[in-house]
Protein chains: 2
Amino acid sequence: MSYFDAASAAPLHPVARQALLASLDDGWADPARLHREGRKARLLLDAAREAAAEAVGCRADEVVFTASGTRAVHTGVAGVLAGRRRVGRHLIVSAVEHSSVLHSAEAFEAEGGEVTRVAVNRAGAVDPSAYAAALRPDSALACLQSANHEVGTVQPVAEVAGACRAAGVPLLVDAAQSLGWGPVGGDWSLLAASAHKWGGPPGVGLLVVRKGVRFAAQGPVDERESGRAPGFENIPAVVAAVASLRAVRAEAAQEAARLRELTERIRARVPRLVPDVEVVGDPERRLPGIVTFSCLYADGEALLHELDRAGFSVSSGSSCTSSTLTPSHVLKAMGVLSEGNVRVSLPPGAAEEDVERFLDVLPAAVAGVREKLGAPAPAVRARSEELVVDSLGKRCPIPVIELAKVIGEVPVGGTVRVLSDDEAARLDIPAWCQMRGQEYVGEEPAEQGTAYLVRRTG
Amino acid sequence: MSYFDAASAAPLHPVARQALLASLDDGWADPARLHREGRKARLLLDAAREAAAEAVGCRADEVVFTASGTRAVHTGVAGVLAGRRRVGRHLIVSAVEHSSVLHSAEAFEAEGGEVTRVAVNRAGAVDPSAYAAALRPDSALACLQSANHEVGTVQPVAEVAGACRAAGVPLLVDAAQSLGWGPVGGDWSLLAASAHKWGGPPGVGLLVVRKGVRFAAQGPVDERESGRAPGFENIPAVVAAVASLRAVRAEAAQEAARLRELTERIRARVPRLVPDVEVVGDPERRLPGIVTFSCLYADGEALLHELDRAGFSVSSGSSCTSSTLTPSHVLKAMGVLSEGNVRVSLPPGAAEEDVERFLDVLPAAVAGVREKLGAPAPAVRARSEELVVDSLGKRCPIPVIELAKVIGEVPVGGTVRVLSDDEAARLDIPAWCQMRGQEYVGEEPAEQGTAYLVRRTG
């Protein structure tokens with residue numbers, strides 16, 4: 001089995017395992033206690049905090065250990081929004097942040113805050129000047145990920161941090177996907193990360209709050225972790241998390257070059273091996289281990305199962321994954337195809353031969369899924385120069401498959417009207433037009449669902 | 001070294017260690033993913049939830065795993081207060097709850113809620129009818145610990161739960177200290193607990209919310225753990241926590257009887273071995289492993305250091321511990337002596353010979369601390385039938401020591417006026433009077449600090 005889903009969670013690093021075992025013996029006691037066991041635990045915690053600070057590039061007393069990266073983000077966002085409440089009630093995020101940031105923003109809106117979501121380009125990156133333009137005198141906080149979790153695109157954090165600093169607005173960087181590869185550059189104010197992304201154990205997040213940032217911890221008071229992370233400290237896991245961070249950092253430069261070459265192979269070869277594929281994300285400014293592509297006329301969930309059977313664990317931001325029927329907000333914001341989406345995220349140490357084998361099995365896996373889906377003949381009713389495809393009640397990627405089947409039946413200049421009530425069609429029909437060089441005319445409300453108009457241009 | 005501070009944190013149970021190691025291999029992936037590793041993790045999590053539910057006596061879908069017992073309490077209290085906001089804004093707690101409950105109550109007050117703190121008797125227990133009398137039509141939630149963490153007194157949970165049920169008010173039981181010994185009886189609505197108290201790893205709390213309780217999770221939405229505990233699940237630790245709970249439960253009846261006999265020895269012999277000691281907490285309705293006593297004219301922190309040097313790790317609720325200068329709220333609510341306080345909490349497996357050795361070294365440890373503190377002669381100024389002891393600027397237990405030194409110098413019926421600016425004196429001077437059979441007349445404001453009046457009665 002080849003595990004290519006490191007961006008969700010990485011297996012425990014051997015160094016983390018060793019550190020965890022050792023500190024389960026020495027670090028289980030309450031570090032607030034004065035007895036021998038308490039003092040031992042306190043020493044371990046202090047040393048881990050120093051080491052984490054060194055890896056991040058901050059002061060030890062700026063580091064707070066939380067129970068997860070999500071908690072780090074929730075705590076960081078809520079703490080600054082409350083601490084700077086007098087400045088204003090405006091929050092800036094990019095449109096492609098992790099759900100922990102976006103859900104924090106929604107919670108803020110529900111309390112009457114105002115949120116600006118900065119758009120991204122087709123590669124998934126924000127434009128620093130567009131981000132800077134969103135800064136206002138009443139902006140309490142700005143958030144930007146260091147790199148995107150679904151497509152691997154690296155964000156211009158240093159430029160955005162500079163603009164935020166100039167405007168006096170603290171920038172919170174969600175560094176969950178990149179911290180294992182190196183410190184985040186630029187003059188940011190807060191940073192959040194998650195240990196299980198770099199081979200640490202689950203149960204450890206990192207929140208860094210630079211001195212000078214106005215911060216008001218929310219919820220009941222608790223004296224642990226500078227009052228910013230209530231509850232008994234998970235010292236064995238913290239020690240293991242930091243040990244793992246140091247271990248992956250020691251190998252980061254070499255491993256990044258190796259994985260970048262492997263993902264570059266996937267980027268280059270998938271479009272040649274599989275017809276009708278769009279590789280998404282920035283080809284240059286990207287994380288070493290992540291590559292994402294979308295396959296027209298395929299269903300992401302079926303593709304995952306097909307690849308799982310072939311021995312590969314990947315994930316999908318498709319609209320068709322089981323947990324949700326709305327397409328990935330990241331792919332949507334980028335304006336790229338979401339159907340048949342596959343994210344390959346290689347863990348450090350991923351073997352070249354496994355990547356080659358993945359490239360071997362992928363074409364048949366996609367073809368198999370497409371074949372299963374390709375069967376239903378679309379219901380076609382002629383209406384002068386226009387064909388109507390009734391895809392009501394059908395889920396992605398069926399509407400696009402039916403559109404593709406009939407586009408040849410209208411003359412050049414004629415239009416196809418696709419009726420669909422699947423939310424994914426709104427994203428995937430324009431994306432198909434762009435890939436196929438057909439003209440997307442627009443959408444209009446229909447008696448049921450929505451009508452999407454496509455004009456045949458060639 | 002003998003570790004007698006299990007009520008703070010218990011060392012990892014060998015079964016928990018084994019389960020943790022096994023599930024670090026199988027349970028590190030994201031259980032929301034569809035691939036093999038994700039499905040394995042999901043299976044482990046589901047099995048752990050079933051086993052936890054069985055141990056608690058609830059349905060599996062009522063169990064939420066949190067990152068700590070403190071988080072479980074914070075989440076449970078906030079969720080019910082929000083979910084039942086329309087019922088009213090009144091919360092009931094006992095005066096001797098864990099700080100996580102009391103801090104939740106303070107946060108609620110800060111938002112305009114009203115809190116009733118039900119008093120306890122000198123043994124630390126609430127009176128069920130007094131608790132029931134606090135229930136009101138606008139009560140949104142009531143909280144009661146199953147047993148007290150500082151003195152071990154077991155609370156009448158079943159009676160209080162019955163009264164709450166009759167009034168239609170959900171009862172949250174903080175079962176942190178007792179869940180390892182057995183399920184909590186009675187018709188409670190929510191339950192919180194903490195795995196590291198029963199030999200599980202740190203990083204795992206348990207929140208049970210019975211079906212039918214109106215609950216509105218606070219903070220940004222997150223789909224994990226029924227939307228009640230955001231962040232990546234810590235499956236290896238959850239599996240280890242539940243394995244440990246089952247293991248300690250299997251030995252609970254036998255081990256409870258053994259530890260109860262050992263703590264009974266301490267209860268009975270400490271007052272004979274050490275002069276001027278008050279053993280606190282209910283002598284019968286108590287946890288098997290906890291015994292707490294306070295030593296007049298001694299300083300809790302100094303006593304901890306003395307015992308630590310002798311090889312014993314205990315804790316103290318004294319006003320003199322380093323982290324805080326106010327006496328334990330539990331001892332204060334009980335109205336018992338707080339100075340020179342020592343809590344012995346035996347972990348399962350504590351050896352009889354270690355307890356005997358503790359009883360051997362205790363008298364010298366207390367005598368040594370008392371000797372160091374006993375030196376300063378009080379400044380005495382005569383004022384007719386009254387002596388004034390100026391203890392301004394002196395910390396507990398000095399004011400009581402000085403009072404004890406001069407009480408013989410006034411005639412029977414005369415008074416001693418102790419001037420003190422130490423908050424602990426408010427608790428310890430009346431407690432001394434009760435122990436010594438002297439009359440505590442009351443306090444009045446003084447030019448500096450407070451004057452405490454004591455009348456010599458014999």
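Per an unreviewed UniProt entry, chain A is named Aminotransferase, and its organism is Streptomyces lucensis JCM 4490. As recorded by UniProt, the Sequence similarities (unreviewed entry) comment attached to chain A reads in full: "Belongs to the class-V pyridoxal-phosphate-dependent aminotransferase family. NifS/IscS subfamily." Comment text from UniProt for chain A, heading Cofactor (unreviewed entry), reads "pyridoxal 5'-phosphate".

Visitor: How would you explain the sheet that holds strand β9 (residues 277-280) of chain B if you had to name every residue and give the values?
Guide: Note on sheets: strands pair through backbone hydrogen bonds, and any given pair is parallel or antiparallel. Residues and elements named next belong to chain B. Read across the sheet, three strands follow the order β9-β10-β12 without closing on themselves; strand pairing throughout is antiparallel. Two strands lie at the open edges of the sheet, namely β9 and β12 (341-345), each paired on one side alone. Going from strand to strand, the sheet's axes swing by 20 degrees on average, the running direction of each strand aside. Inspection of the sheet shows β9 paired to strand β10 (residues 290-295) by four bridges, in the antiparallel sense. In the sheet register, Val 280 faces β10, and the bridge partner there is Thr 292.

Visitor: If you had to explain the packing of aromatic side chains to someone new, which residues and values would you point to?
Guide: Counted according to the given criterion, the structure contains eight aromatic pairs over all chains. Here the aromatic rings of Phe312(B) and Phe358(B) are separated by 5.4 Å at their centres, their planes lie at 70 degrees, and the arrangement is edge-to-face. Linking Phe312(B) in strand β11 (residues 312-313) with Phe358(B) in helix α11 (residues 352-373), this pair joins segments that are 46 residues apart in sequence. Residue Phe312(B) shares its accessibility class with Phe358(B), and that shared class is buried. Here the aromatic residues Phe4(A), Phe312(A) and Phe358(A) are joined through ring pairs into a cluster of three or more. The lysine or arginine in question, Arg228(A), covers the ring of Phe215(A), its NZ or CZ lying 4.4 Å from the ring centre.

Visitor: Tell me about the sheet that holds strand β8 (residues 205-209) of chain A, residues and numbers included.
Guide: Residues and elements named next belong to chain A. Spatially, β2-β8-β7-β6-β5-β3-β4 is the arrangement adopted by the seven strands of the open sheet, whose pairing is mixed. With one partner strand each, in any of the chains shown, β2 (63-66) and β4 (114-118) form the two edges of the open sheet. Recorded for the sheet is a direction-independent mean angle of 20 degrees between the axes of neighbouring strands. Examined bridge by bridge, strand β7 (residues 190-194) and β8 share five bridges and lie antiparallel to one another. Following the sheet pairing, Leu 191 is matched in β8 by Val 208. The strands that helix α2 (residues 36-56) touches are β2, β7 and β8; relative to β2, the one it contacts most, it runs at about 110 degrees. On the sheet, helix α6 (residues 157-167) packs against β5 (139-145) and β6 (171-174) and is oriented at approximately 160 degrees with respect to β6.

Visitor: Could you give an account of the domain arrangement of chain A, with specific residues and numbers?
Guide: How big an interface is tends to be expressed through the accessible area that disappears when the partners come together. Residues and elements named next belong to chain A. Looking at chain A, the domain boundaries give domain 1 (10-249), domain 2 (252-374) and domain 3 (380-455). Computed from C-alpha coordinates alone, the two centres of domain 2 and domain 3 are separated by 26 Å. Listed per partner, the contact involves 20 residues of domain 2 and 16 residues of domain 3. Our count for the contact surface shared by domain 2 and domain 3 stands at two salt bridges. Arg 436 serves as the salt-bridge partner of Asp 276, at 1.8 Å between the closest nitrogen and oxygen. Counting across the interface, domain 2 meets domain 3 through three residue pairs in polar contact (both at pLDDT 80 or more). Elements with a contribution of two residues or more to the side of domain 2 that touches domain 3: β9 (277-280), α10 (329-334) and α11 (352-374). Residues of the side of domain 2 that touches domain 3, tallied by class, amount to 11 nonpolar, four polar and five charged.

Visitor: How would you summarise helix α6 (residues 157-167) of chain B if you had to cite specific residues and measurements?
Guide: All names here are of chain B. Within α6, the full set of buried residues consists of Val 157, Val 160, Ala 161 and Cys 164. The buried residues of α6 occupy one face: seen down the axis, they fall within an arc of 100 degrees. Among the structural elements, α5 (128-133), β5 (139-145) and β6 (171-174) are those in contact with the buried residues of α6. In the stretch just after α6, Gly 168 is the one whose phi turns positive, near 75 degrees.

Visitor: Please set out the UniProt feature "domain: UPF0033" (unreviewed entry) in chain A residue by residue, giving values where relevant.
Guide: Mapped onto this numbering, the UniProt entry annotates "domain: UPF0033" (unreviewed entry) at residues 389-413 of chain A. With 36% helix and 8% strand, residues 389-413 of chain A has end C-alpha atoms that lie 17 Å from one another.

Visitor: Any details on the interface of chain A and chain B? Residues and values, ideally.
Guide: Listed as interface residues are 51 residues of chain A and, on the opposing side, 51 residues of chain B. With both chains or domains summed, chain A and chain B bury close to 4600 Å², and 62% of this area falls on carbon and sulfur atoms. It is Trp28(A), Leu34(A) and Arg71(A) in chain A that bury the most area against chain B; as a group they hold 14% of the surface buried on that side. There are six salt bridges connecting chain A and chain B. Asp25(A) is the partner of Arg17(B) in a salt bridge, and the nearest nitrogen-oxygen pair spans 2.9 Å.

Visitor: Mind laying out the relation of the copies chain A and chain B, listing which residues take part and the relevant values?
Guide: For these two chains of identical sequence, chain A goes onto chain B by a turn of 180 degrees and a shift of 0.0 Å along the axis, with RMSD 0.1 Å. Such a combination of rotation and displacement between the chain copies is what one expects of a two-fold axis. When you check the interface residues of chain A against chain B, 100% turn up at the interface there too, and the contact is symmetric in its surfaces.

Visitor: An account of the packing of helix α1 (residues 14-26) of chain A against helix α7 (residues 235-250) of chain A is needed here, citing residue identities and associated values.
Guide: All names here are of chain A. Orientation of α1 relative to α7, taken along the N-to-C sense of each, is 150 degrees, at an axis distance of 8 Å. Classified by the angle their axes make, α1 and α7 are roughly antiparallel. The handedness of the crossing between α1 and α7 comes out as right-handed. Residues Val 15, Ala 16, Ala 19, Leu 20, Ser 23 and Leu 24 of α1 pack against Pro 236, Ala 237, Val 239, Ala 240, Ala 243, Ser 244 and Ala 247 of α7. Of the residues in the contact of α1 with α7, the class split is 11 nonpolar, two polar and no charged.

Visitor: Which residues make up the state of the cysteines, and what values go with them?
Guide: One pass over the full model with this rule turns up zero disulfides over all chains. With no disulfide of its own, Cys164(A) lies 9.4 Å from the sulfur of Cys143(A), the closest cysteine sulfur.

Visitor: Can you explain the environment of His74(B)? Please cite residues and give values.
Guide: With respect to the element layout, His74(B) can be found in helix α3 (residues 69-83). We classify His74(B) as buried; its relative accessible area is 6%. Put simply, His74(B) and Leu102(B) are 28 residues apart on the chain and 9.9 Å apart in space, counted from C-alpha to C-alpha. Ignoring any residue separated from it by four or fewer positions in sequence, one finds His74(B) in contact with Pro220(A), Pro230(A), Ser100(B) and Ser104(B).

Visitor: Pulling in residues and values, what's your account of the environment of His149(B)?
Guide: Residue and element names in this part refer to chain B. Looking at the secondary structure, you find His 149 in the loop between β5 and α6. Looking at His 149, the relative accessible area reads 12%, which means it is buried. Distance from His 149 to Ser 8, taken between C-alpha atoms, is 8.4 Å for residues 141 residues apart in sequence. If we skip the residues at most four places from it in the chain, His 149 touches Ala 7, Val 96, Glu 97, His 98, Gln 177, Ile 290, Val 330 and Arg 343.

Visitor: Help me get a handle on the side chain of Arg249(A), residues and values and all.
Guide: Residues and elements named next belong to chain A. By the secondary structure assignment, Arg 249 is in helix α7. Buried Arg 249, no salt bridge; nearest opposite-charge side chain is Glu 54, N-O distance 8.4 Å. Leave out the neighbours within four places in its chain, and Arg 249 touches Ala 55, Leu 179, Gly 180, Trp 181, Gly 182 and Pro 183.

Visitor: I'd like to hear about the environment of Trp432(B), residue by residue, with values.
Guide: Residues and elements named next belong to chain B. Assignment of secondary structure puts Trp 432 in helix α13 (residues 425-436). Taking relative accessible area as the criterion, Trp 432 reaches 1% and is therefore assigned buried. Residues Trp 432 and Val 400, 32 residues apart in the sequence, show an inter-C-alpha distance of 7.4 Å.

Visitor: How would you sum up the pairing of strand β7 (residues 190-194) of chain B? Please name residues and give values.
Guide: Residues and elements named next belong to chain B. Taken across its five residues, β7 has five buried, putting it largely inside the fold. Neither face of β7 is exposed, since Leu 190, Ala 192 and Ser 194 on one face and Leu 191 and Ala 193 on the opposite face are all buried. Note that β6 and β7 share three bridges and pair parallel. Considered in β7, the bridge of Val 173 is made with Leu 191.

Scoring rules and cut-offs
Residues numbered from 1 in each chain as written. Chains lettered and ligands numbered in written order. Predicted model: local features only at pLDDT ≥ 70, side-chain atom pairs only at ≥ 80, totals over all residues. Heavy atoms only, no water. UniProt positions renumbered as here; feature names shortened; annotations may be inferred. Pairing = 2+ DSSP bridges. Helix = DSSP H or I, 4+ residues; strand = E, 2+ residues; numbered from the N terminus. Axes fitted to C-alpha atoms, helices over the stretch in contact; angles between N-to-C directions. Phe/Tyr/Trp six-rings, centres within 6.5 Å; stacked < 30°, edge-to-face > 60°. Buried < 20%, exposed > 50% of the residue type's maximum accessible area, 1.4 Å probe, protein only. Lys NZ or Arg CZ within 6 Å of the ring centre and 35° of its normal. Contact = heavy atoms within 4.5 Å. Domains from an automatic or database assignment. Salt bridge = Lys/Arg side-chain N within 4 Å of Asp/Glu carboxyl O. Polar contact = N/O pair within 3.5 Å; in protein donor to acceptor, adjacent residues only side chain to side chain. Nonpolar A, V, L, I, M, F, W, Y, C, P; charged D, E, K, R; others polar. Arc of directions from axis to C-beta. Buried area = accessible area lost by both parts, 1.4 Å probe. Least-squares fit on C-alpha atoms with pLDDT ≥ 70 in both. Parallel < 35°, antiparallel > 145°, perpendicular 65-115°, else oblique. Left-handed = near helix turned anticlockwise from the far one by under 90°. Disulfide = S-S within 2.5 Å. Lys, Arg positive; Asp, Glu negative; His and termini not counted.

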